[in-house]
Amino acid sequence: MMLQPRKAKKGFFPTVNQVVFDELSVLARKNWAPTLDVFPPFDVAVVKHIYWKSLRDRNQGIREIMLLEFSQYLENYLWPNFKSGLACIEHVMSIAVMVNEKWRDRNPAWEAFIKDPEEFPGFFKYVLNLTLDSSVSLPEKTTLILFLMHCFNSIEVDLIRLQVQKLLSLSTWHCLLPGRLEQELDRVPKLRKLWKLILKNDKKLDEESLTLVMFERTYLKNLLDVFMDVVKQIESTDASLPIDKEKLGFCERFLEMLIDMEVMLPTRRFFNTLLDNENIVVKLEMCRMNHHPECALFTEMLDILKFYAGFEIDDHTGDPLTEKQMMSMHYNRVTALQRAVFKLHPELKKFSISSVSSVDTREKLLKHFRPLTTRKLQGIAALLNLCPEYNDGENKMDKKILLEMIASRHERRLSQLQKINNMALYPTEDLLWDDNVIPSSFYTGGQCLALPKLNLQFLTFHDYLLRNFHLFRLEATYEIREEIEDVISRLKPWSASDGDVSFSGWARYGMPLTKFTRFEILPPKLGQMHPAKVTGDVTVTLSVRHDLKAEWEGIRKFDTAFLVTVRPDASDVIYPTAAALEEADFRTKYGVVYVRGIEFEGMLDESGKLIDDFPDKQPYFTKDQRTFRVQLDPCQYQIDMDNHAKGEEDVYESFNVIIRRNPKNNNFKAVLETMRDLMNTECVVPDWLHDIILGYGDPAAAHYSNMEVNIPTLDWNDTFLDWDHLTESFPEYQVKTTTKDPADLIPPFKLTFKDLLPDCDEKTILVEPHVVPNRGPYPYDEPKRNTILFTPTQIEAIKSGTNHGLTMIVGPPGTGKTDVAVQIISNIYHNFPNQRTLLVTHSNQALNQLFEKIIALDIDERHCLRLGHGMDDLETEKDFGRYGRVNFVLGERMQLLKEVSRLQASLGISGEIQYTCETAAHFFLYQVMSRWEQYWDKITSRDVKLADVYSRFPFHAFFANAPQPVFRQESLEEDIEIAEGCWRHIRMIFTKLEEYRAFELLRTGSERSKYLLVKEAKIIAMTCTHAALKRRDLVQVMFQYDNILMEEAAQILEIETFIPLLLQNPKDGHNRLKRWVMIGDHNQLPPVVKNMSFQKYSNMEQSLFTRLVRLGVPTVTLDAQGRARASLSQLYSWRYDSLGNLPHVQSRQEFRCANAGFCFEFQAINVPDLNGIGETQPAPYFYQNLAEAEYVVATYIYMRLIGYPADKITILTQYNGQKSLLMDVVEKKCSQNPLIGPPHKVETVDKYQGQQNDYILLSLTRTTAVGHLRDARRLIVAMSRARLGLYVFARVELFKNCIELSPVFVKFAARPLLLHLAPTEMYPTERLVSSFPNPVIINDVTQMCYFVHDMYEQKRRALYPEYQPAMPPAPPQKEYAAPPTVISANQPESEAEVQSSQDNIQSENAMEAEENTGEDSQNSNADAVPTDEASEKEAEESSAVESAEYMEVATAPEKPDEIPKNLEAPVMNLEEDMKLLNQYDDIGKTVEAQYNTDT
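Residues numbered from 1 in each chain as written. Predicted model: local features only at pLDDT ≥ 70, side-chain atom pairs only at ≥ 80, totals over all residues. Heavy atoms only, no water.

**Observations concerning the overall build of the protein**
Next up, step 1: In terms of regular secondary structure, the protein is built from 60 helices and 30 strands.
Next up, step 2: Relative to all contacts within the protein whose residues are 6 or more apart in sequence, the contacts with residues 24 or more apart total 78%.
Next up, step 3: When the accessible area of the protein is evaluated, it comes to approximately 62,500 Å², of which 51% is carbon and sulfur surface. (Helix = DSSP H or I, 4+ residues; strand = E, 2+ residues; numbered from the N terminus. Contact = heavy atoms within 4.5 Å. Areas by Shrake-Rupley, 256 points an atom, 1.4 Å probe, with all protein chains shown as cover.)

**Section: the sheet that holds strand β18 (residues 1075-1080)**
Next up, step 1: If you trace the seven strands from one edge of the open sheet to the other, you get β15-β16-β14-β17-β18-β13-β19, paired in parallel fashion. Every interior strand has two partners, whereas the edge strands, β15 (864-866) and β19 (1116-1117), have only one.
Next up, step 2: As judged from the four bridges shared by strand β17 (residues 1043-1046) and β18, these two strands associate in the parallel manner. Looking across to β18, one finds that L1045 is bridged to V1077.
Next up, step 3: Lying over the sheet, helix α43 (residues 1024-1036) contacts β14 (837-841) and β16 (1019-1023), oriented at roughly 115° with respect to β16. (Pairing = 2+ DSSP bridges. Axes fitted to C-alpha atoms, helices over the stretch in contact; angles between N-to-C directions.)

**Looking at the nonpolar core**
Next up, step 1: L806, F955, F990 and W1076 are the most contacted members of the largest nonpolar core, which totals 244 residues.
Next up, step 2: No other element matches the 15 residues that helix α26 (residues 461-491) contributes to this core.
Next up, step 3: Leave out the neighbours within four places in its chain, and L806 touches W688, L689, I692, A702, H703, W1076, M1078, L1108 and V1113. (Core = buried A, V, L, I, M, F, W, Y, C linked by side-chain atoms within 4.5 Å. Buried < 20%, exposed > 50% of the residue type's maximum accessible area, 1.4 Å probe, protein only.)

**Overview of helix α18 (residues 323-344)**
Next up, step 1: In a regular helix each residue adds 1.5 Å, so 22 residues correspond to 32 Å; α18 covers 33 Å between its end C-alpha atoms and thus fits that length.
Next up, step 2: Of the surrounding secondary structure, the elements contacted by the buried residues of α18 are α19 (349-353), α20 (356-359), α21 (362-369), α22 (374-383) and α23 (399-410). (Expected span 1.5 Å × (residues − 1).)

**Looking at the pairing of β18**
Next up, step 1: In terms of burial, β18 is largely enclosed, as six of its six residues are buried.
Next up, step 2: Of the two faces of β18, the one holding R1075, V1077 and I1079 and the one holding W1076, M1078 and G1080 are both buried throughout.
Next up, step 3: The pairing of strand β13 (residues 805-810) with β18 spans six bridges and is parallel. Opposite I809, over in β18, you have I1079 as the bridge partner.

**Considering the pairing of strand β27 (residues 1253-1259)**
Next up, step 1: Across the seven residues of β27, seven count as buried, placing the element largely inside the fold.
Next up, step 2: Sheet analysis places strand β25 (residues 1209-1213) next to β27, joined by five bridges and oriented parallel. Counted as the bridge partner of L1212 is L1258 from β27.
Next up, step 3: Sheet analysis places β27 next to strand β28 (residues 1282-1290), joined by six bridges and oriented parallel. Across the sheet, S1259 pairs through a bridge with F1289, a residue of β28.
Next up, step 4: Crossover connection from β27 via helix α52 (residues 1272-1279) to parallel β28: handedness right-handed. (Right-handed = clockwise from strand over helix to strand, strands pointing away.)

**A few points about the packing of helix α13 (residues 207-236) against helix α15 (residues 265-277)**
Next up, step 1: One way to put it is that α13 packs onto α15 with a least axis distance of 11 Å and a crossing angle of 40°. In terms of their interaxial angle, α13 and α15 are classed as oblique. Our pair here, α13 against α15, has a crossing hand that is right-handed. Each of L220, K221 and L224 in α13 lies in contact with α15, whose residues at this interface are F271, L274 and L275.
Next up, step 2: Residue composition of the contact of α13 with α15, by class: five nonpolar, no polar and one charged. (Parallel < 35°, antiparallel > 145°, perpendicular 65-115°, else oblique. Left-handed = near helix turned anticlockwise from the far one by under 90°. Nonpolar A, V, L, I, M, F, W, Y, C, P; charged D, E, K, R; others polar.)

**Notes on the sheet that holds strand β26 (residues 1241-1244)**
Next up, step 1: Taken together, five strands build an open sheet; the order of strands is β22-β28-β27-β25-β26 and the sheet is parallel. Each edge of the open sheet carries a strand with a single partner, namely β22 (1162-1166) and β26. Taking each pair of neighbouring strands and ignoring which way they run, the sheet shows an average axis angle of 20°.
Next up, step 2: With five bridges joining them, β22 and β28 adopt parallel strand pairing. Of the residues in β28, the one forming a bridge with I1165 is F1289.

**Considering the packing of aromatic side chains**
Next up, step 1: Counted according to the given criterion, the structure contains 79 aromatic pairs.
Next up, step 2: Relative to F82, the ring of W79 lies with its centre 5.5 Å away and its plane at 10°, an arrangement referred to as stacked.
Next up, step 3: Plain terms: the ring middles of F923 and F990 are 6.4 Å apart, the flat faces sit at 40° to each other, and that makes the pair tilted. Here the residue F923 occupies a position in helix α38 (residues 917-939), and F990 occupies one in helix α40 (residues 972-995), the gap between them amounting to 67 residues. Exposure class is identical for F923 and F990. Each is buried. (Phe/Tyr/Trp six-rings, centres within 6.5 Å; stacked < 30°, edge-to-face > 60°.)

**Some details on the confidence of the model for the protein**
Next up, step 1: In this model, the protein carries an average pLDDT of 85, and 88% of its residues clear a pLDDT of 70 or more.
Next up, step 2: Confidence drops under a pLDDT of 50 for residues 1366-1457, and excluding neighbours within four residues, the segment shows 301 contacts in the predicted structure. (pLDDT = per-residue confidence, 0-100.)

**Some remarks on the pattern of salt bridges**
Side chains that differ in sign of charge can pair as their charged atoms come close.
Next up, step 1: In total, this model carries 87 salt bridges according to the counting rule given.
Next up, step 2: A salt bridge links D624 to K549, with the nearest nitrogen and oxygen atoms 3.1 Å apart. Of this pair, D624 sits in the loop between β6 (592-604) and β7 (625-632) while K549 sits in helix α27 (residues 546-553), and the two are 75 residues apart along the sequence.
Next up, step 3: On the accessibility criterion, D624 (31% relative accessible area) is partly exposed.
Next up, step 4: Salt-bridge contacts for R968 lead to E974; the nearest nitrogen and oxygen are separated by 3.1 Å. (Salt bridge = Lys/Arg side-chain N within 4 Å of Asp/Glu carboxyl O.)

**Concerning helix α51 (residues 1216-1231)**
Next up, step 1: When the terminal C-alpha atoms of α51 are compared, their 20 Å separation across 16 residues is substantially less than the 22 Å that a helix rising 1.5 Å per residue should span.
Next up, step 2: Among the 16 residues in α51, 14 count as buried, and that is most of the element.

**A short note on unusual backbone geometry**
Next up, step 1: Here P747 and P748 are connected by a cis peptide whose omega angle stands at 15°.
Next up, step 2: A cis geometry characterises the amide bond from Q964 onward to P965, with omega recorded as -5°.
Next up, step 3: For N717, which is not a glycine, the phi torsion comes out positive at approximately 55°.
Next up, step 4: When you line up the elements, N717 lands in the loop between β9 (713-715) and α33 (723-729).
Next up, step 5: Even without being a glycine, D759 presents a positive backbone phi close to 55°.

**Structural notes on the environment of I484**
Next up, step 1: Assignment of secondary structure puts I484 in helix α26.
Next up, step 2: In the structure, I484 is positioned 174 residues away from I658 in sequence and 9.7 Å away in space, judged by C-alpha atoms.
Next up, step 3: What I484 contacts, discounting residues up to four positions off in sequence, is L432, W433, F586, V595 and I659.

**Observations regarding the packing of helix α3 (residues 44-55) against helix α6 (residues 89-104)**
Next up, step 1: One way to put it is that α3 packs onto α6 with a least axis distance of 9 Å and a crossing angle of 55°. With respect to each other, α3 and α6 are oriented oblique. Between α3 and α6 lies a crossing whose hand is left-handed. Side by side, α3 and α6 meet where V47, K48, Y51, W52 and L55 of the first sit next to E90, H91, M93, S94 and V97 of the second.
Next up, step 2: Among the residues forming the contact of α3 with α6, the class breakdown is six nonpolar, two polar and two charged.

The following block contains the structure:
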């Protein structure tokens, strides 16, 4: 099923011609282009001309701003020539505009200022003056406010912080009312001392310095006055006139800045008091803009500001305020009010003597105070230090504001937690289509939104969870909206003249509802206002295909769905055209009235009984009707019933559609419940992590060297391969050993770091070699050994990860992140056998790779457990799931009991005993242990002889099946060690049986699996999603762990990183977590966030790993890669401080030899337009490039013809559109041909992160704009996927001009931009990389197609001379018509496929919208082109190109036994491809026809 494209407007994409010939580009080449050797003298007239023509109106000048930012206008012209005493306003404004543009485009904004910081203080002061200057226009002030907001959000930058903190210090309280100042200083005594010091220092300042200081102290107060003046101007206008958009935009931006200042403790600490002193929130609540239809965004942002202005936190200590403390503060305020009016206003005596709870509601407060005059009200407020005193008409305030001031300050409010608990988790129709909260995916960054932001710092953990809760809920709501719109548009609802709603279409995930009835409503629990549980029955008629019926019948418990009421206007056309759909609001067009979420409990049989999840026998149904028992959201139900009691419609009698969701994307409710549970429990994180996660304190406080408890001595087990490896691993330490004999310096080693000892800074390591105890005579008793020669940096990462504290490991591509993680786990396992370690990753693939390496180490597999559905993909025959491990334990228990019986027989003990774990323990104690102790006493006596060790050994018969001889009888010490090894083997049998004893006592599989999880497993692996979904279950079974290791930490959402910290209940009020190891790479792609507004505006794509790096938390960056050729690694090593190469990269044959058939191991191939056509967009943001697709596939065929294995080649691209086109071309030319076959994968760069292949063919697709490859993180991923060969097909002149891409394209540009081939070579070649063959130079795609066609024919004739092609293979020699617009037939058509493609691409289509003109873009899915849903399954099958049948290398057989089929030459004729492309073009041209045709 295809998601319908949302309304999209034509965006701006600067073409190559525009970049070259635009007036601004001409100016750039003359004045500041980076290619200039010497910059000409600065001309201020150029700056003024550009500002007044292109920058002053930012909304109209977005094209010019993008071109200027692209040309490095700020870095090379504006800032180097800025002089604070000489600069003009245009110069300052231009700098502010360019900084704002960099923030909008998510590029580093402060680099130029950091490199040359001298003029920044003067520039910042200039900006402050301009914001207060009445001659500056309101749009310009809006620009400056946006710049200031970016400064407040960049306090981690030293240069910015030094300027900002002057505006936010305690000295700003000079602007407080005198009484309020004294009140605040009395409340926090230590501030009074600081205040006196400030006053003392002021007396020492000269007049000029004091003037400057007072300007900084009063700046925020004056800025608030400017803001309120604009509000008053809006208030003074005629109410019948529309509100001025410029003024409204300024107010919205100003509110955004105030919110950003309130949500960070450093900016909030003193400013919040100033904001309250000015009564800004109260005044704004009473203004006309609040609740005005044109000011919905203003109203929503004001609600956010009000929430944070009264947030439950102590502004000075940063401690969260408990509910008890908040209640105490409330009572103090009300009693203070009662005391204030008791003496002065006898008419309020009743209020003064009443109990607090009887007068603290808004209604009661207004009832008591409304009769008072304005003067009396202001007197009361002044007495409470809420406003200045009324003085002969001066400072007179409006009565409404005074009443609101008193009521809002003293009314009893629901706590934030109560509001969350009463909030419905499912989105409703009002939230789903609220564009201020959930805008379209293509957010450009040009407007503010009523959304929380994930900044560097948070106020409290409640604030942390709350912001993430709202964003996660809104992100899920956005996805749900897309699905609902898609399903309803496919169902094609229409209204008859009698008002009945009918449906003329069908949808896979939606059904017309036959009936809905309420089944059970349980009364509220104690303290709740809503029902405890609400259930209902949903009936649908499944007169559909068998496979769809099976999907509906297969709905599982806890799956979610939505009930929808649709009432289309009878006057509307039944089948709206595509144009009409674009212009109309969806909710209005289709008449969507109500949307309510439900959760399935199960399906009912025809007798009305609930069917079990796994019934022994499926019930038989005589009709097509199916009824499901569902749960409704009790909070939403209570809201709806309250509204119904007020006379509104009963929502639950109106539903006529049910929409289910793809189970893979249906976990949002469980995650939200987990987050709400965390907010309702005491959120105890380890003390050493508390401040770091919130973003405060010393970033290095949790480093192992700063921890109160550290571990100076550790057994490093098999980490080091030899003594030289150990000494080379610690170049900064002096290594000493406890032995003098070099022969004893054999691993394993115990290391003691003296600098970790108390009061010792000596950089010395004391090494103690030791021998691993003999474990027994059998081969499987021999421990597994590490074979990796870890680098010094990897050793430091292992050392840090094994110690207590927070370890952050940055792993560039190919640097062995997983190997380091595995060794950390192994060392913890062997040093602390009683501790439990939790492994968490983002993807099942990464988790399985990590888990497979762990089980291959010297770790007992009974201690390993893999949770979640991804365990099915483990490349092992063993089942490491919960029930698989239970079966393993029970099976091993039986084998061990058999060993006990064999031991009994070997000892000659008569009697048949049916052993259990309990009886085996008695047998060990009374029969086995006694024999061993007698034997041990004899062989450890002084007069023992070598022969005694062998002759007296009591277990010869038991070890008769071991490799013989067991005893070598060459050395007394050796034989004693062998005897001890045999004893350890026997003792391990009984140790395991003792551990398995609980499995005998527990009778059910569920109880056994819980015991295994809680007690037996030592290494537990799960994805972050599984952790979020199952937290409640894990806490209920008392799950405990000591360590967490997270792989792919930079790809995990912030909240999904945080939840694994709290999968256990605190012990004695403390979290038992000892280690947290995070491994990731913030220089590669971040977490997937589909909606651009959440991703960019709210910064939801920022992972916790990235945030901690930005905060300055110490990291260990792995500095040697071993994956790719040294030359290939240079394409991405520039992004890291000191990324080098491992020695084998230079020595191994595969890296020394060239790539057969190619002159270069990497090359950028310039691909010109094909007959005048470059990139195309058959659907909005669905980018394709036929020339590059043909060129890439032709190159792939060439590689196959000279012998490259297909599974060594991957084709990548940036865009789903190009991926679909590539898959179609591959399917047509390669997949069915046994000499070629499909490549290993055709995939997008985003989805291929974490994977690699020997040879990568990369299509960059774009020819009019750089696109989202400008994000350096995506560039790093694209450049680092290849091991041996990388060939990039692109419009090189476009990409090489981009500053972010220049480090890579400079290296590409150093080589020819035409493809250089050596077709006489076959794979593999012995030619070295340094040698250069005589090349065949390919000029364009047409030549490449001819060349490959001829080459294929020669190959085919050589292999199968008898074969006669069915059609003439030679392509006609003529010019071809320009290709039409391309839409891929492999484009995903079902909701599931669309979601799958979006989940793994980093919102690629949305990112392209950043290049538009700033107009609102409403397209919901870049790849969504309406197609016939009946072809879903066929499309799904056609997109699967990884057929093992065609993966063989195309090598020539000695003599073909049979001529294969499909040996026709690949259709390298571009004219022939037009048939396929015309077919695709028809899909794009029949969008409207689809709506007018029954499926």
